[in-house]
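Next come the chains, spelled out residue by residue.
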Amino acid sequence: MTEGVTAKLLAEVAARRDDLIGLTQDLIRIPTLNPPGANYREICDLLDRRLLKAGFQTELVRAEGAVGDSDRYPRWNLVARRDGRAPGQCVHFNSHIDVVEVGHGWTTDPFGGEVKEGRVYGRGACDMKGGLAASIVAAEAFIAVCPDYAGAIEISGTADEESGGFGGVAYLAERGYFSPSRVQHVIIPEPLNKDRICLGHRGVWWAEIETMGEIAHGSMPFLGDCAVRHMGAVLAEMEASLFPALAEKRTDMPVVPEGAKQSTLNINSIHGGEREQEADYTGLPSPCVPDRCRMVIDRRFLIEEDIGEVEREVRDVLERVRAGRAGFDYSIKGIHSVEPTMTARDAPVVGAVAQAVQTVFRREAEYVVSPGTYDQKHIDRIGRLSNCIAYGPGILDLAHKPDEYVDIEDMVQSAQVMALALHSLLSGDGT
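Here's what I pulled together on the structure shown here. This one's a predicted model, so the numbers in the text were calculated from it and none came from an experiment.

Thoughts on the nonpolar core
Of all hydrophobic cores here, the largest spans 70 residues; its most connected members are Phe56, Phe142, Ile153, Val353, Ile389 and Tyr391. Broken down by element, this core gets its largest block of residues, twelve residues, from helix H10 (residues 408-426). Once you skip the residues sitting within four places of it in the chain, Ile389 turns out to touch Val186, Ile187, Ile188, Ile197, Cys198, Leu199, Val349, Val350, Val353 and Gln376. Grouped together as the second largest cluster of nonpolar side chains are 25 residues, Ala66, Val79, Val169 and Val186 included.

The following block contains the structure:
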């Protein structure tokens with residue numbers, strides 16, 4: 001790439017700073033909360049109008065029949081494509097449009113898009129509407145400077161990443177939108193820090209464990225069998241044997257933060273006994289021995305581990321408890337699983353973004369792997385496209401937190417990296 005083109009691309013993105021801020025604010029101000037999956041069509045319409053003006057051909061795709069899709073909360077996705085003036089490869093920027101619940105502790109309006117001290121605040125600012133805006137501005141700046149590019153640019157805004165992505169990227173991948181014959185390079189602008197390239201993610205296995213007991217009057221618990229106590233024995237055995245064993249498992253994957261380089265297990269939820277009453281119920285609970293207790297576990301595993309081994313370790317815990325505890329019985333069922341994935345460091349999209357990071361920040365990119373999964377899993381496993389990374393503005397630790405924000409300078413610089421990467425991937429000869 002010539003110094004002249006580089007300078008023009010950097011300057012063109014910088015000149016669009018106010019537009020980048022405004023677009024990010026517009027996106028934040030649409031409360032696309034998931035669950036339930038609200039306002040997806042509204043944000044897709046906003047993206048549709050924006051990208052049509054930039055010369056993209058757009059398509060609105062509803063994930064009919066997908067998990068979560070309903071007439072009340074339809075799962076809408078936007079896919080836009082702009083072909084260059086000559087044949088070539090396609091670079092696709094994919095961003096999810098949904099955000100998680102607001103939670104407590106905010107000092108700013110979660111959907112206000114407030115700008116202060118060089119930051120844009122709001123739910124989704126970091127994860128990942130700032131990244132979506134940066135990718136759009138990067139593409140528009142690149143087109144302005146390099147109108148004769150070869151190949152194609154695609155931009156998508158997709159549903160439900162926060163709940164698995166089945167109404168978004170998975171649905172599209174099943175229908176060929178991420179097939180290697182259509183798309184050759186994918187960049188997902190997740191907030192992994194502006195000088196990091198995320199190559200992939202750990203695996204996950206979610207399961208529900210249920211312990212059984214026998215209901216009886218709470219004043220005579222000896223006539224029943226408490227399922228909650230049985231679950232307590234399961235937890236005790238996990239503490240004694242499983243958690244120490246997981247702490248010993250380490251990976252060569254460059255997972256961040258440091259604690260995620262080991263295998264982990266989170267107790268996601270436990271419920272036993274009488275169901276919780278409505279908030280306006282003023283009575284007392286009934287005196288019963290709980291005959292069922294359910295626990296959901298969230299096991300994150302490493303690329304060196306096999307999912308069969310992951311499941312077997314938990315079943316072994318349950319069998320040890322059964323062997324030493326009278327009356328103990330259980331069931332277990334898997335409810336969600338994703339294999340680990342990691343793009344090779346010599347993949348073309350990795351090299352293009354790494355070169356751009358070096359140009360913008362005057363230092364080498366850091367290569368990382370995410371502790372949690374994101375939509376790369378569907379692009380890799382369903383789309384069969386391995387040339388995929390996450391790169392975008394924002395600090396990962398701010399995701400899902402109160403007073404979430406994205407730094408404006410981070411967005412500008414990340415958009416510059418994306419614009420340079422587009423030139424590298426679509427110029428064909430690097431000039």
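That covers the picture; the talk isn't over yet.
Comments concerning the pairing of strand E6 (residues 150-158)
Of all the nine residues making up E6, nine are buried; the element is thus mostly covered by neighbouring parts of the structure. Looking at chain direction, strand E2 (residues 76-83) and E6 are connected through six bridges and run antiparallel. Looking at E6, one finds that Arg82 is bridged to Ile153.

Comments concerning the sheet that holds strand E4 (residues 115-116)
One open sheet holds the three strands; their spatial order is E4-E5-E16, and the pairing between them is antiparallel. Of all strands in the sheet, those with a lone pairing partner are E4 and strand E16 (405-407), marking the two edges. Taken together, the two bridges between E4 and strand E5 (residues 119-121) define a ladder with antiparallel strand orientation. Residue pairing for E5: Val115 is matched across the bridge by Val120. The sheet contacts of helix H4 (residues 125-145) involve E5 and E16, and relative to E16 the element is tilted by about 45°.

Digging into the packing of helix H8 (residues 348-361) against H10
Between H8 and H10, the least distance of the axes is 8 Å, while the angle of their chain directions is 130°. With respect to their mutual orientation, H8 and H10 come out oblique. As for the relative orientation of H8 and H10, their crossing is right-handed in sense. Facing H8, whose interface residues are Pro348, Val349, Ala352, Val353, Gln355, Ala356, Val357, Thr359, Val360 and Phe361, H10 presents Gln413, Gln416, Val417, Leu420, Ala421, Ser424 and Leu425. The residue inventory of the contact of H8 with H10, partitioned by class, reads twelve nonpolar, five polar and no charged.

Here we look at a nonpolar patch on the surface
A surface patch of nonpolar side chains, amounting to about 330 Å² of accessible area, comprises Met220, Phe222 and Leu223. Relative to the elements of secondary structure, Phe222 occurs in the loop between strand E9 (203-212) and helix H6 (227-247).

Quick notes on the pairing of E9
Burial within E9 is extensive, with eight of its ten residues counted as buried. As paired strands, E9 and strand E11 (residues 292-301) are joined by ten bridges and run antiparallel to one another. Its bridge partner being in E11, Ala207 is matched across the sheet by Ile297. Here E9 runs beside strand E12 (residues 330-338); their pairing, made up of eight bridges, is antiparallel. Its bridge partner being in E12, Glu210 is matched across the sheet by Ser331.

Quick notes on the packing of aromatic side chains
Summed over the entire model, instances satisfying the criterion amount to three aromatic pairs. Ring centres of Tyr121 and Tyr405 lie 5.4 Å apart, and the angle between their planes is 50°; on these two criteria the pair is classed as tilted. Residue Tyr121 is found in strand E5, and its partner Tyr405 is found in strand E16; the two are separated by 284 residues along the sequence. Here Tyr121 and Tyr405 have matching classes, each one buried. When the ring centre of Trp76 is taken as origin, the NZ or CZ atom of Arg41, which lies over that ring, is 4.5 Å away. Here the basic side chain of Lys116 rests over the ring of Tyr121, its NZ or CZ set 5.2 Å away from the ring centre.

Digging into the packing of helix H1 (residues 3-15) against H4
It is at 9 Å that the axes of H1 and H4 come closest, and there the two elements cross at 130°. Classed by the angle they form, the pair H1 and H4 counts as oblique. In this structure, H1 crosses over H4, and the sense of that crossing is right-handed. Where H1 approaches H4, its residues Lys8, Leu9, Glu12 and Val13 are matched on the opposing element by Ala141, Phe142, Ala144 and Val145. Along the lines of polarity and charge, the residues of the contact of H1 with H4 split into six nonpolar, no polar and two charged.

Rules used throughout
Residues numbered from 1 in each chain as written. Predicted model: local features only at pLDDT ≥ 70, side-chain atom pairs only at ≥ 80, totals over all residues. Heavy atoms only, no water. Core = buried A, V, L, I, M, F, W, Y, C linked by side-chain atoms within 4.5 Å. Buried < 20%, exposed > 50% of the residue type's maximum accessible area, 1.4 Å probe, protein only. Helix = DSSP H or I, 4+ residues; strand = E, 2+ residues; numbered from the N terminus. Contact = heavy atoms within 4.5 Å. Pairing = 2+ DSSP bridges. Axes fitted to C-alpha atoms, helices over the stretch in contact; angles between N-to-C directions. Parallel < 35°, antiparallel > 145°, perpendicular 65-115°, else oblique. Left-handed = near helix turned anticlockwise from the far one by under 90°. Nonpolar A, V, L, I, M, F, W, Y, C, P; charged D, E, K, R; others polar. Patch = residues over 30% accessible without salt bridge, like charges linked within 9 Å, V, L, I, M, F, W, Y side chains within 5 Å. Areas by Shrake-Rupley, 256 points an atom, 1.4 Å probe, with all protein chains shown as cover. Salt bridge = Lys/Arg side-chain N within 4 Å of Asp/Glu carboxyl O. Phe/Tyr/Trp six-rings, centres within 6.5 Å; stacked < 30°, edge-to-face > 60°. Lys NZ or Arg CZ within 6 Å of the ring centre and 35° of its normal.

Scope: geometric values only; no functional claims are made or implied.
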